[in-house]
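Here's the letter readout for the chains.
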Amino acid sequence: MTDTAIDQALAGAHQRFIEGNAESRRRFDEQTRYMPGANTRSVLFYAPFPLTIAKGEGAALWDADGHRYADFIAEYTAGVYGHSAPEIREAVIEAMQGGINLTGHNLLEGRLAKTVCERFPQIEQLRFTNSGTEANLMALTAALHFTGRRKIVVFSGGYHGGVLGFGDKPSLTTVPFDFLVLPYNDAQRAREEIARHGPEIAAILVEPMQGASGCIPGRLDFLQALREGATQAGALLIFDEVMTSRLAPHGLASKLGIKSDLTTLGKYIGGGMSFGAFGGRADVMAQFDPRTGALAHSGTFNNNVMTMAAGYAGLTKLFTPEAAGALAERGEAMRARLNALCAKEGVTMQFTGVGSLMNAHFVSGEVRRVDDLAVVDGRLRQLLFFHLLSQGIYTSPRGFVVLSLPLSDADIDRYIAAIGSFIGEYRSLMPAVK
Ligand SMILES: Cc1ncc(COP(=O)(O)O)c(C=O)c1O
(Lines give C-alpha, C1' and ligand atoms only; values in the text may rest on other atoms or scores of the structure.)
Protein backbone atom coordinates (compact mmCIF):
# COMPACT_ATOMS: atom_id res chain seq x y z
CA MET A 1 0.00 0.00 0.00
CA THR A 2 1.36 3.43 -0.86
CA ASP A 3 0.08 6.77 0.28
CA THR A 4 -0.04 7.95 -3.29
CA ALA A 5 -2.24 5.02 -4.31
CA ILE A 6 -4.87 5.95 -1.70
CA ASP A 7 -4.69 9.60 -2.68
CA GLN A 8 -5.14 8.67 -6.32
CA ALA A 9 -8.07 6.39 -5.58
CA LEU A 10 -9.71 9.11 -3.53
CA ALA A 11 -9.08 11.77 -6.15
CA GLY A 12 -10.74 9.48 -8.70
CA ALA A 13 -13.73 8.93 -6.41
CA HIS A 14 -14.07 12.69 -5.85
CA GLN A 15 -13.82 13.36 -9.56
CA ARG A 16 -16.59 10.88 -10.40
CA PHE A 17 -18.70 12.34 -7.59
CA ILE A 18 -18.21 15.92 -8.85
CA GLU A 19 -19.06 14.95 -12.42
CA GLY A 20 -22.22 13.13 -11.39
CA ASN A 21 -23.63 15.74 -9.02
CA ALA A 22 -23.77 19.09 -10.79
CA GLU A 23 -27.04 20.21 -9.18
CA SER A 24 -25.92 19.39 -5.63
CA ARG A 25 -22.74 21.30 -6.30
CA ARG A 26 -24.61 24.29 -7.71
CA ARG A 27 -26.83 24.44 -4.64
CA PHE A 28 -23.89 24.06 -2.30
CA ASP A 29 -21.98 26.91 -3.96
CA GLU A 30 -25.06 29.14 -3.91
CA GLN A 31 -25.78 28.53 -0.24
CA THR A 32 -22.27 29.31 0.96
CA ARG A 33 -23.40 32.93 0.58
CA TYR A 34 -25.82 32.63 3.51
CA MET A 35 -24.54 29.79 5.67
CA PRO A 36 -20.87 29.20 6.53
CA GLY A 37 -19.84 26.26 4.39
CA ALA A 38 -23.51 26.09 3.28
CA ASN A 39 -24.00 24.14 6.48
CA THR A 40 -26.27 24.24 9.49
CA ARG A 41 -25.45 20.81 10.91
CA SER A 42 -21.77 19.89 11.00
CA VAL A 43 -22.20 16.12 10.64
CA LEU A 44 -23.72 16.56 7.19
CA PHE A 45 -20.64 18.09 5.61
CA TYR A 46 -18.09 16.17 3.58
CA ALA A 47 -15.65 17.21 0.87
CA PRO A 48 -15.84 18.06 -1.95
CA PHE A 49 -19.46 19.05 -1.18
CA PRO A 50 -22.41 17.19 0.33
CA LEU A 51 -25.30 15.88 -1.70
CA THR A 52 -28.55 17.77 -1.50
CA ILE A 53 -31.30 15.29 -0.79
CA ALA A 54 -34.49 16.24 -2.58
CA LYS A 55 -36.96 13.54 -1.62
CA GLY A 56 -37.50 10.43 0.47
CA GLU A 57 -40.02 7.61 0.26
CA GLY A 58 -40.03 4.43 2.34
CA ALA A 59 -36.34 3.59 2.69
CA ALA A 60 -35.35 5.34 -0.55
CA LEU A 61 -33.83 8.78 -1.09
CA TRP A 62 -33.33 10.87 -4.22
CA ASP A 63 -30.72 13.58 -4.51
CA ALA A 64 -31.03 16.85 -6.39
CA ASP A 65 -29.50 15.25 -9.51
CA GLY A 66 -32.10 12.50 -9.48
CA HIS A 67 -29.99 9.56 -8.21
CA ARG A 68 -31.83 7.04 -6.08
CA TYR A 69 -30.28 5.62 -2.91
CA ALA A 70 -31.21 3.01 -0.34
CA ASP A 71 -31.13 4.95 2.93
CA PHE A 72 -28.72 3.27 5.34
CA ILE A 73 -28.27 6.27 7.65
CA ALA A 74 -31.93 7.06 8.44
CA GLU A 75 -31.39 10.49 9.93
CA TYR A 76 -28.66 9.25 12.24
CA THR A 77 -31.20 6.94 13.93
CA ALA A 78 -34.17 9.33 14.17
CA GLY A 79 -35.61 7.99 10.92
CA VAL A 80 -36.54 4.48 12.01
CA TYR A 81 -39.96 4.82 10.37
CA GLY A 82 -38.63 5.66 6.91
CA HIS A 83 -39.83 8.65 4.94
CA SER A 84 -43.49 8.12 4.27
CA ALA A 85 -45.16 5.95 6.91
CA PRO A 86 -48.89 6.72 6.54
CA GLU A 87 -49.40 6.25 10.30
CA ILE A 88 -47.01 9.12 11.05
CA ARG A 89 -48.34 11.36 8.32
CA GLU A 90 -51.95 10.85 9.38
CA ALA A 91 -51.12 11.48 13.03
CA VAL A 92 -49.40 14.76 12.18
CA ILE A 93 -52.21 15.93 9.88
CA GLU A 94 -54.84 15.05 12.46
CA ALA A 95 -52.93 16.93 15.14
CA MET A 96 -52.56 19.98 12.92
CA GLN A 97 -56.26 20.01 12.20
CA GLY A 98 -56.74 20.67 15.89
CA GLY A 99 -54.50 23.75 15.76
CA ILE A 100 -50.74 24.05 15.75
CA ASN A 101 -49.57 26.24 18.64
CA LEU A 102 -52.10 25.87 21.41
CA THR A 103 -50.22 27.57 24.28
CA GLY A 104 -51.46 25.17 26.88
CA HIS A 105 -51.34 21.64 28.20
CA ASN A 106 -52.78 19.75 25.24
CA LEU A 107 -54.66 16.51 24.62
CA LEU A 108 -51.62 14.69 23.25
CA GLU A 109 -48.68 15.06 25.63
CA GLY A 110 -49.98 12.93 28.49
CA ARG A 111 -50.50 9.83 26.41
CA LEU A 112 -47.01 10.06 24.89
CA ALA A 113 -45.52 10.50 28.38
CA LYS A 114 -47.43 7.40 29.58
CA THR A 115 -46.36 5.38 26.54
CA VAL A 116 -42.70 6.27 26.98
CA CYS A 117 -42.73 5.57 30.74
CA GLU A 118 -44.41 2.21 30.19
CA ARG A 119 -41.97 1.32 27.44
CA PHE A 120 -38.78 2.18 29.36
CA PRO A 121 -39.11 0.84 32.91
CA GLN A 122 -36.27 2.98 34.27
CA ILE A 123 -38.33 6.09 33.62
CA GLU A 124 -40.88 6.74 36.35
CA GLN A 125 -41.51 10.32 35.26
CA LEU A 126 -40.25 12.42 32.37
CA ARG A 127 -40.22 15.80 30.73
CA PHE A 128 -40.01 16.53 27.02
CA THR A 129 -37.42 18.69 25.28
CA ASN A 130 -36.73 19.51 21.64
CA SER A 131 -33.51 17.57 21.23
CA GLY A 132 -31.29 14.96 22.80
CA THR A 133 -28.77 17.68 23.57
CA GLU A 134 -31.28 19.59 25.66
CA ALA A 135 -32.37 16.38 27.35
CA ASN A 136 -28.80 15.73 28.48
CA LEU A 137 -28.28 19.32 29.60
CA MET A 138 -31.44 19.09 31.69
CA ALA A 139 -30.57 15.68 33.14
CA LEU A 140 -27.18 17.02 34.18
CA THR A 141 -28.79 20.10 35.67
CA ALA A 142 -31.20 17.88 37.59
CA ALA A 143 -28.27 15.87 38.96
CA LEU A 144 -26.24 18.95 39.95
CA HIS A 145 -29.13 20.35 41.95
CA PHE A 146 -30.23 17.03 43.42
CA THR A 147 -26.77 16.25 44.76
CA GLY A 148 -25.56 19.80 45.39
CA ARG A 149 -22.28 18.82 43.69
CA ARG A 150 -20.44 20.06 40.58
CA LYS A 151 -18.40 17.28 39.00
CA ILE A 152 -19.65 15.21 36.06
CA VAL A 153 -17.94 12.01 34.95
CA VAL A 154 -18.04 11.39 31.19
CA PHE A 155 -16.07 9.13 28.84
CA SER A 156 -13.57 9.55 26.03
CA GLY A 157 -15.35 9.55 22.70
CA GLY A 158 -18.72 10.20 24.35
CA TYR A 159 -21.22 12.24 22.39
CA HIS A 160 -24.25 13.63 24.19
CA GLY A 161 -25.13 16.46 21.82
CA GLY A 162 -23.83 19.51 20.01
CA VAL A 163 -22.55 21.11 23.22
CA LEU A 164 -21.67 17.86 24.99
CA GLY A 165 -18.98 16.15 22.93
CA PHE A 166 -15.78 14.55 24.24
CA GLY A 167 -12.53 13.26 22.84
CA ASP A 168 -10.00 12.64 25.58
CA LYS A 169 -11.16 16.04 26.81
CA PRO A 170 -14.24 18.20 26.22
CA SER A 171 -14.48 19.44 22.63
CA LEU A 172 -14.26 23.15 21.86
CA THR A 173 -18.02 23.65 21.72
CA THR A 174 -18.77 21.74 24.92
CA VAL A 175 -20.42 23.64 27.77
CA PRO A 176 -18.00 24.65 30.53
CA PHE A 177 -19.18 22.27 33.25
CA ASP A 178 -16.74 20.56 35.62
CA PHE A 179 -16.12 17.39 33.58
CA LEU A 180 -13.85 14.50 34.46
CA VAL A 181 -13.20 12.54 31.24
CA LEU A 182 -12.32 8.86 31.81
CA PRO A 183 -11.51 6.13 29.25
CA TYR A 184 -14.59 4.29 28.00
CA ASN A 185 -14.85 0.60 28.84
CA ASP A 186 -12.13 0.69 31.50
CA ALA A 187 -13.93 -0.63 34.58
CA GLN A 188 -10.87 -0.58 36.79
CA ARG A 189 -9.98 3.06 36.06
CA ALA A 190 -13.62 4.06 36.50
CA ARG A 191 -13.79 2.38 39.91
CA GLU A 192 -10.60 4.08 41.09
CA GLU A 193 -11.47 7.56 39.84
CA ILE A 194 -15.04 7.45 41.05
CA ALA A 195 -13.83 6.35 44.48
CA ARG A 196 -11.20 9.14 44.51
CA HIS A 197 -13.57 11.95 43.50
CA GLY A 198 -16.68 10.41 45.11
CA PRO A 199 -17.96 13.26 47.29
CA GLU A 200 -17.62 15.79 44.43
CA ILE A 201 -19.43 13.76 41.77
CA ALA A 202 -22.96 14.78 40.85
CA ALA A 203 -23.44 12.52 37.84
CA ILE A 204 -21.93 9.86 35.65
CA LEU A 205 -23.15 10.32 32.09
CA VAL A 206 -22.61 7.43 29.68
CA GLU A 207 -23.89 5.89 26.45
CA PRO A 208 -24.49 2.14 26.94
CA MET A 209 -23.12 1.86 23.39
CA GLN A 210 -21.13 4.82 22.10
CA GLY A 211 -22.81 5.84 18.87
CA ALA A 212 -20.97 8.78 17.33
CA SER A 213 -17.57 7.30 18.16
CA GLY A 214 -18.30 4.28 16.02
CA CYS A 215 -20.89 1.97 17.62
CA ILE A 216 -18.64 0.79 20.45
CA PRO A 217 -20.66 -1.41 22.80
CA GLY A 218 -20.23 -0.75 26.51
CA ARG A 219 -18.90 -3.82 28.28
CA LEU A 220 -21.15 -5.20 30.94
CA ASP A 221 -18.47 -5.13 33.65
CA PHE A 222 -17.76 -1.47 32.84
CA LEU A 223 -21.40 -0.39 32.98
CA GLN A 224 -21.92 -2.38 36.18
CA ALA A 225 -18.86 -0.70 37.70
CA LEU A 226 -20.44 2.68 36.91
CA ARG A 227 -23.68 1.62 38.58
CA GLU A 228 -21.86 0.48 41.70
CA GLY A 229 -19.58 3.51 41.71
CA ALA A 230 -22.47 5.94 41.39
CA THR A 231 -24.36 4.27 44.23
CA GLN A 232 -21.33 4.30 46.52
CA ALA A 233 -20.52 7.92 45.69
CA GLY A 234 -24.12 9.09 46.07
CA ALA A 235 -23.99 10.33 42.46
CA LEU A 236 -26.64 9.84 39.79
CA LEU A 237 -26.04 7.44 36.93
CA ILE A 238 -27.42 8.90 33.70
CA PHE A 239 -27.76 6.60 30.72
CA ASP A 240 -27.85 8.49 27.46
CA GLU A 241 -30.17 6.26 25.46
CA VAL A 242 -30.80 8.82 22.74
CA MET A 243 -29.45 6.30 20.25
CA THR A 244 -29.57 3.03 22.16
CA SER A 245 -33.18 2.97 23.29
CA ARG A 246 -34.05 1.43 19.92
CA LEU A 247 -31.66 -1.50 20.34
CA ALA A 248 -33.95 -3.71 22.41
CA PRO A 249 -37.70 -3.78 23.08
CA HIS A 250 -37.33 -1.70 26.27
CA GLY A 251 -34.01 0.00 25.63
CA LEU A 252 -30.46 -1.26 25.89
CA ALA A 253 -30.04 -0.60 29.63
CA SER A 254 -33.06 -2.69 30.42
CA LYS A 255 -31.71 -5.52 28.26
CA LEU A 256 -28.40 -5.31 30.11
CA GLY A 257 -30.23 -5.35 33.43
CA ILE A 258 -28.67 -2.14 34.75
CA LYS A 259 -30.90 0.48 36.32
CA SER A 260 -29.96 4.10 35.79
CA ASP A 261 -31.19 6.96 37.95
CA LEU A 262 -31.93 9.13 34.93
CA THR A 263 -32.28 8.31 31.24
CA THR A 264 -32.21 10.60 28.25
CA LEU A 265 -34.04 9.92 25.00
CA GLY A 266 -34.30 11.51 21.59
CA LYS A 267 -34.27 10.70 17.88
CA TYR A 268 -36.99 8.33 16.60
CA ILE A 269 -39.20 8.58 19.70
CA GLY A 270 -40.75 11.78 18.36
CA GLY A 271 -41.94 9.91 15.27
CA GLY A 272 -39.35 11.76 13.18
CA MET A 273 -40.16 15.24 14.53
CA SER A 274 -37.84 17.25 16.81
CA PHE A 275 -37.66 15.36 20.07
CA GLY A 276 -35.88 14.82 23.33
CA ALA A 277 -36.85 13.67 26.82
CA PHE A 278 -35.21 13.17 30.18
CA GLY A 279 -36.64 11.20 33.04
CA GLY A 280 -36.10 8.56 35.65
CA ARG A 281 -36.45 8.45 39.42
CA ALA A 282 -39.54 10.26 40.60
CA ASP A 283 -37.68 11.84 43.55
CA VAL A 284 -35.18 13.45 41.17
CA MET A 285 -37.84 14.53 38.68
CA ALA A 286 -39.91 16.03 41.52
CA GLN A 287 -37.49 18.96 41.44
CA PHE A 288 -39.34 20.05 38.29
CA ASP A 289 -42.85 19.80 39.78
CA PRO A 290 -44.05 23.40 39.46
CA ARG A 291 -46.20 23.00 42.57
CA THR A 292 -43.38 22.06 44.88
CA GLY A 293 -40.02 21.80 43.08
CA ALA A 294 -37.24 24.37 42.88
CA LEU A 295 -36.30 23.92 39.23
CA ALA A 296 -37.91 25.45 36.18
CA HIS A 297 -37.64 23.79 32.78
CA SER A 298 -38.89 25.72 29.79
CA GLY A 299 -39.12 25.23 26.06
CA THR A 300 -41.70 26.77 23.73
CA PHE A 301 -41.97 23.60 21.67
CA ASN A 302 -41.57 20.97 24.42
CA ASN A 303 -45.15 19.74 23.98
CA ASN A 304 -45.66 20.71 20.33
CA VAL A 305 -48.60 18.81 18.91
CA MET A 306 -46.77 17.37 15.90
CA THR A 307 -44.13 15.60 17.97
CA MET A 308 -46.62 14.51 20.60
CA ALA A 309 -48.88 12.96 17.94
CA ALA A 310 -46.19 11.47 15.69
CA GLY A 311 -44.32 10.01 18.65
CA TYR A 312 -47.39 8.25 19.98
CA ALA A 313 -48.31 6.84 16.56
CA GLY A 314 -44.75 5.67 15.98
CA LEU A 315 -44.34 3.87 19.30
CA THR A 316 -47.78 2.28 19.37
CA LYS A 317 -48.41 1.45 15.70
CA LEU A 318 -45.00 0.96 14.11
CA PHE A 319 -41.97 0.66 16.38
CA THR A 320 -43.64 -1.44 19.04
CA PRO A 321 -41.47 -3.42 21.47
CA GLU A 322 -41.87 -6.44 19.16
CA ALA A 323 -40.81 -4.42 16.11
CA ALA A 324 -37.80 -3.04 18.01
CA GLY A 325 -36.74 -6.58 18.90
CA ALA A 326 -37.19 -7.77 15.32
CA LEU A 327 -35.20 -4.86 13.84
CA ALA A 328 -32.41 -5.52 16.34
CA GLU A 329 -32.33 -9.16 15.25
CA ARG A 330 -32.14 -8.15 11.58
CA GLY A 331 -29.22 -5.91 12.45
CA GLU A 332 -27.41 -8.67 14.36
CA ALA A 333 -27.85 -11.00 11.40
CA MET A 334 -26.59 -8.37 8.94
CA ARG A 335 -23.55 -7.56 11.06
CA ALA A 336 -22.72 -11.26 11.39
CA ARG A 337 -22.85 -11.60 7.59
CA LEU A 338 -20.64 -8.55 7.12
CA ASN A 339 -18.06 -9.76 9.62
CA ALA A 340 -18.08 -13.23 8.08
CA LEU A 341 -17.44 -11.62 4.68
CA CYS A 342 -14.52 -9.54 6.02
CA ALA A 343 -13.06 -12.66 7.67
CA LYS A 344 -13.48 -14.75 4.52
CA GLU A 345 -11.81 -12.07 2.42
CA GLY A 346 -9.01 -11.82 4.98
CA VAL A 347 -9.10 -8.01 5.19
CA THR A 348 -8.53 -5.66 8.10
CA MET A 349 -12.11 -4.55 8.31
CA GLN A 350 -14.93 -5.23 10.77
CA PHE A 351 -18.36 -4.01 11.77
CA THR A 352 -18.97 -3.19 15.43
CA GLY A 353 -22.31 -2.40 17.00
CA VAL A 354 -25.44 -3.71 18.61
CA GLY A 355 -28.69 -4.65 16.87
CA SER A 356 -29.81 -2.20 14.21
CA LEU A 357 -26.79 0.15 14.53
CA MET A 358 -23.32 -0.69 13.29
CA ASN A 359 -20.13 0.93 12.05
CA ALA A 360 -17.43 -0.17 9.60
CA HIS A 361 -13.88 0.01 10.94
CA PHE A 362 -10.56 -0.70 9.26
CA VAL A 363 -8.94 -2.33 12.29
CA SER A 364 -8.73 -5.85 13.63
CA GLY A 365 -9.16 -6.91 17.24
CA GLU A 366 -11.66 -5.66 19.78
CA VAL A 367 -12.62 -1.99 19.57
CA ARG A 368 -12.99 -0.96 23.22
CA ARG A 369 -12.74 2.77 22.92
CA VAL A 370 -12.19 5.54 20.42
CA ASP A 371 -8.39 5.38 20.92
CA ASP A 372 -8.41 1.93 19.30
CA LEU A 373 -9.51 3.65 16.07
CA ALA A 374 -6.73 6.24 16.05
CA VAL A 375 -4.67 4.09 13.67
CA VAL A 376 -7.35 4.09 10.98
CA ASP A 377 -6.52 6.02 7.81
CA GLY A 378 -9.49 8.39 7.39
CA ARG A 379 -9.09 8.24 3.61
CA LEU A 380 -10.27 4.62 3.65
CA ARG A 381 -13.50 5.70 5.33
CA GLN A 382 -13.98 8.27 2.60
CA LEU A 383 -13.29 5.71 -0.12
CA LEU A 384 -15.88 3.42 1.43
CA PHE A 385 -18.41 6.23 1.60
CA PHE A 386 -17.99 7.22 -2.06
CA HIS A 387 -17.98 3.59 -3.15
CA LEU A 388 -21.29 3.00 -1.36
CA LEU A 389 -22.78 6.13 -2.97
CA SER A 390 -21.70 4.82 -6.36
CA GLN A 391 -23.58 1.61 -5.57
CA GLY A 392 -26.77 3.53 -4.70
CA ILE A 393 -26.31 3.34 -0.93
CA TYR A 394 -26.55 6.42 1.27
CA THR A 395 -24.63 6.21 4.55
CA SER A 396 -22.34 8.52 6.45
CA PRO A 397 -18.67 9.31 5.91
CA ARG A 398 -17.78 7.81 9.27
CA GLY A 399 -18.99 4.35 8.25
CA PHE A 400 -22.13 4.40 10.38
CA VAL A 401 -24.93 2.07 9.24
CA VAL A 402 -28.49 2.47 10.53
CA LEU A 403 -31.41 0.16 9.77
CA SER A 404 -34.93 1.47 9.45
CA LEU A 405 -38.23 -0.42 9.33
CA PRO A 406 -38.91 -0.13 5.57
CA LEU A 407 -35.48 -1.42 4.43
CA SER A 408 -36.01 -4.65 2.50
CA ASP A 409 -33.95 -7.82 2.59
CA ALA A 410 -32.89 -6.92 -0.97
CA ASP A 411 -31.56 -3.57 0.33
CA ILE A 412 -29.54 -5.40 2.97
CA ASP A 413 -28.21 -7.85 0.35
CA ARG A 414 -27.26 -4.87 -1.78
CA TYR A 415 -25.31 -3.27 1.09
CA ILE A 416 -23.44 -6.52 1.74
CA ALA A 417 -22.69 -6.93 -1.98
CA ALA A 418 -21.35 -3.35 -2.04
CA ILE A 419 -18.96 -4.18 0.80
CA GLY A 420 -17.86 -7.20 -1.25
CA SER A 421 -17.17 -5.05 -4.31
CA PHE A 422 -15.39 -2.45 -2.14
CA ILE A 423 -13.05 -5.13 -0.84
CA GLY A 424 -12.54 -6.43 -4.38
CA GLU A 425 -11.61 -3.00 -5.67
CA TYR A 426 -9.56 -1.59 -2.80
CA ARG A 427 -8.10 -4.63 -1.06
CA SER A 428 -4.55 -3.52 -1.90
CA LEU A 429 -5.10 -0.19 -0.15
CA MET A 430 -6.33 -1.72 3.11
CA PRO A 431 -3.99 -2.29 6.08
CA ALA A 432 -2.15 -5.61 6.02
CA VAL A 433 -3.69 -8.31 8.20
CA LYS A 434 -1.66 -8.82 11.35
C1 LIG B 1 -26.03 9.48 22.25
C2 LIG B 1 -26.52 10.82 21.81
N3 LIG B 1 -26.90 11.71 22.72
C4 LIG B 1 -27.38 12.91 22.38
C5 LIG B 1 -27.48 13.28 21.07
C6 LIG B 1 -27.98 14.64 20.72
O7 LIG B 1 -29.26 14.60 20.18
P8 LIG B 1 -29.79 15.81 19.29
O9 LIG B 1 -29.05 15.77 18.01
O10 LIG B 1 -31.26 15.54 19.16
O11 LIG B 1 -29.53 17.05 20.07
C12 LIG B 1 -27.10 12.39 20.07
C13 LIG B 1 -27.20 12.75 18.65
O14 LIG B 1 -26.66 12.14 17.77
C15 LIG B 1 -26.59 11.12 20.45
O16 LIG B 1 -26.18 10.23 19.54
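Heads up: the structure comes first, above all this text.
Anyway, here's the lowdown on the structure attached to this text. (Residues numbered from 1 in each chain as written. Predicted model: local features only at pLDDT ≥ 70, side-chain atom pairs only at ≥ 80, totals over all residues. Heavy atoms only, no water.)

## Topic: the packing of aromatic side chains
Argument step 1. Counted by the stated rule, this structure contains 22 aromatic pairs.
Argument step 2. Look at Phe28 and Phe49: their rings are 6.4 Å apart centre to centre, the planes differ by 35°, and that puts the pair in the tilted class. Note that Phe28 is positioned in helix H2 (residues 22–31) and Phe49 in the loop between H2 and strand E1 (53–57), a separation of 21 residues in sequence. Here the two residues Phe28 and Phe49 agree in accessibility, since each one is buried.
Argument step 3. Look at Phe72 and Tyr415: their rings are 5.1 Å apart centre to centre, the planes differ by 40°, and that puts the pair in the tilted class. Highlighted residues: Phe72 in the loop between strand E3 (68–71) and helix H3 (86–97) and Tyr415 in helix H13 (residues 409–426), separated in sequence by 343 residues.
Argument step 4. Taking relative accessible area as the criterion, Tyr415 reaches 1% and is therefore assigned buried.
Argument step 5. Three or more aromatic residues joined by ring pairs make a cluster, and in this case those are Phe17, Phe28, Phe45, Tyr46, Phe49, Phe385 and Phe386. (Phe/Tyr/Trp six-rings, centres within 6.5 Å; stacked < 30°, edge-to-face > 60°. Helix = DSSP H or I, 4+ residues; strand = E, 2+ residues; numbered from the N terminus. Buried < 20%, exposed > 50% of the residue type's maximum accessible area, 1.4 Å probe, protein only.)

## Here we look at the side chain of Arg149
Argument step 1. Mapped onto the secondary structure, Arg149 falls in the loop between helix H5 (132–147) and strand E5 (151–155).
Argument step 2. A polar atom in the side chain of Arg149 sits 3.2 Å from the backbone oxygen of Gly198.
Argument step 3. Looking at Arg149, its side chain comes within polar contact range of the main-chain oxygen of Ile201, at 2.8 Å. (Polar contact = N/O pair within 3.5 Å; in protein donor to acceptor, adjacent residues only side chain to side chain.)

## Remarks on the sheet that holds E5
Argument step 1. As summarised here, the arrangement of the seven strands in space is E4-E12-E11-E10-E7-E5-E6, forming an open sheet in which the pairing is mixed. Looking at strand neighbours, the two that pair on one side only are strand E4 (125–129) and strand E6 (178–182), the edges of this open sheet. Within this sheet the neighbouring strands show an average axis-to-axis angle of 20°, counted without direction. (Pairing = 2+ DSSP bridges. Axes fitted to C-alpha atoms, helices over the stretch in contact; angles between N-to-C directions.)

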